[in-house]
Amino acid sequence: MIRRPPRSTLDRSSAASDVYKRQGIDIGKAIQYRNENKGTLEGFKEATKISNDELLKLEVDVLIPAALENAITEKNVNSIKAKVIVEGANGPTSHEADSIIEKNGIIAVPDILANAGGVIVSYFEWVQNRLGFKWTKSRVYRRSDSIIKQSFNNVYSISKKYKVSLRTAAYIAAIDKVSRTYKYRDGSFTFQKNGQNT
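These figures come from a predicted structure and were not determined experimentally.

## A word on helix H3 (residues 95–103)
Buried residues of H3: Ala-97, Asp-98, Ile-100 and Ile-101, and no others. Viewed along the axis of H3, the buried residues span an arc of 165 degrees, placing them on a single side of the element. Looking at H3, the residues exposed on the side facing more than 90 degrees away from the buried face are His-95 and Lys-103. Residues of H3 that are buried in the fold lie against strand S5 (84–86), strand S6 (107–109) and helix H7 (166–184). Gly-105 lies just past H3 and shows a positive phi near 80 degrees.

Given below as structure tokens:
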């Protein structure tokens, strides 16, 4: 994210520290500081240190919990004022909090969808290794961007069609894909156990 009022990043968080600045944080300076200080924003003078609880209570459009599992629980979920939550971390929302988020009318983009970029690009790396051919950075960005947008649009459509959360819609999409693959393979899967086909 780039510091660009009025849409600016108000808060920047790591597992060790949260910092806040109402006018927006210069992301370039924050990243440089973090890189020069063992991966933490502790002591970052361009913003004020706040607690994780204070971070969740900020009046923001989008909240991105991207550091810890179970950062959002039934104990703090009702304090969230964000309109949208985008899960950057793996499992940042507890099961109990997830149903409260939905009931409160907050759109939550689940981790299975929001942070899938790393898995997608790892797959691209595997493909390149298998082919013995290196892709350009722009090709990787273009292809990953296309897959992520297509996946989000599919999940969003399912969410609207069945009137379910994006998380439930993502599970529906995943199960549907496995089901279609199973049918395509005439209902036969081959599993490997201890090097033997079963």
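## Remarks on the pattern of salt bridges
Inspection of every chain in the model, using the stated rule, returns eight salt bridges. Here Lys-83 ties to Asp-61 by a salt bridge, and the two come within 2.9 Å at their closest N and O atoms. Taken as a pair, Lys-83 in the loop between strand S4 (62–63) and S5 and Asp-61 in the loop between helix H2 (52–56) and S4 lie far apart in primary sequence, 22 residues in all. Where Arg-167 meets Glu-87, a salt bridge forms, and the shortest distance between an N and an O atom there is 2.7 Å. With Arg-167 in helix H7 and Glu-87 in the loop between S5 and H3, this pair connects stretches of sequence that are 80 residues apart. Classification of Arg-167 by relative accessible area gives buried; the value is 12%. Taken together, the salt bridges that share partners define one network made up of Glu-87, Asp-98, Asp-111 and Arg-167.

## Re the side chain of Ser-159
Tracing the sequence through the fold places Ser-159 in helix H6 (residues 137–162). The residues contacting Ser-159, other than those within four sequence positions of it, are Val-164, Ser-165, Leu-166 and Ala-169.

## A word on the packing of aromatic side chains
Per the stated rule, a full pass over the model turns up five aromatic pairs. An angle of 55 degrees between the planes, with centres 5.3 Å apart, marks the rings of Tyr-33 and Phe-44 as tilted. Remark: Phe-44 occurs in the loop between helix H1 (27–36) and strand S3 (48–50) and Tyr-33 occurs in helix H1; sequence separation between them is eleven residues. The pair Tyr-33 / Phe-44 is uniform in exposure class, with both members buried. For the pair Phe-152 and Tyr-156, a centre-to-centre distance of 5.9 Å together with 20 degrees between the ring planes defines the contact as stacked. Placement of both Phe-152 and Tyr-156 in helix H6 is noted, with a separation of four residues, approximately one turn of the helix. Ring pairs connect the aromatic residues Tyr-123, Phe-124, Trp-126 and Trp-135, which therefore count as one cluster. Directly above the ring of Trp-135 sits Arg-139, whose terminal nitrogen or CZ lies 4.7 Å from the centroid. The ring of Trp-135 carries Arg-143 above its face, with NZ or CZ at 4.8 Å from the centroid.

What counts and how
- Residues numbered from 1 in each chain as written.
- Predicted model: local features only at pLDDT ≥ 70, side-chain atom pairs only at ≥ 80, totals over all residues.
- Heavy atoms only, no water.
- Buried < 20%, exposed > 50% of the residue type's maximum accessible area, 1.4 Å probe, protein only.
- Helix = DSSP H or I, 4+ residues; strand = E, 2+ residues; numbered from the N terminus.
- Arc of directions from axis to C-beta.
- Contact = heavy atoms within 4.5 Å.
- Salt bridge = Lys/Arg side-chain N within 4 Å of Asp/Glu carboxyl O.
- Phe/Tyr/Trp six-rings, centres within 6.5 Å; stacked < 30°, edge-to-face > 60°.
- Lys NZ or Arg CZ within 6 Å of the ring centre and 35° of its normal.

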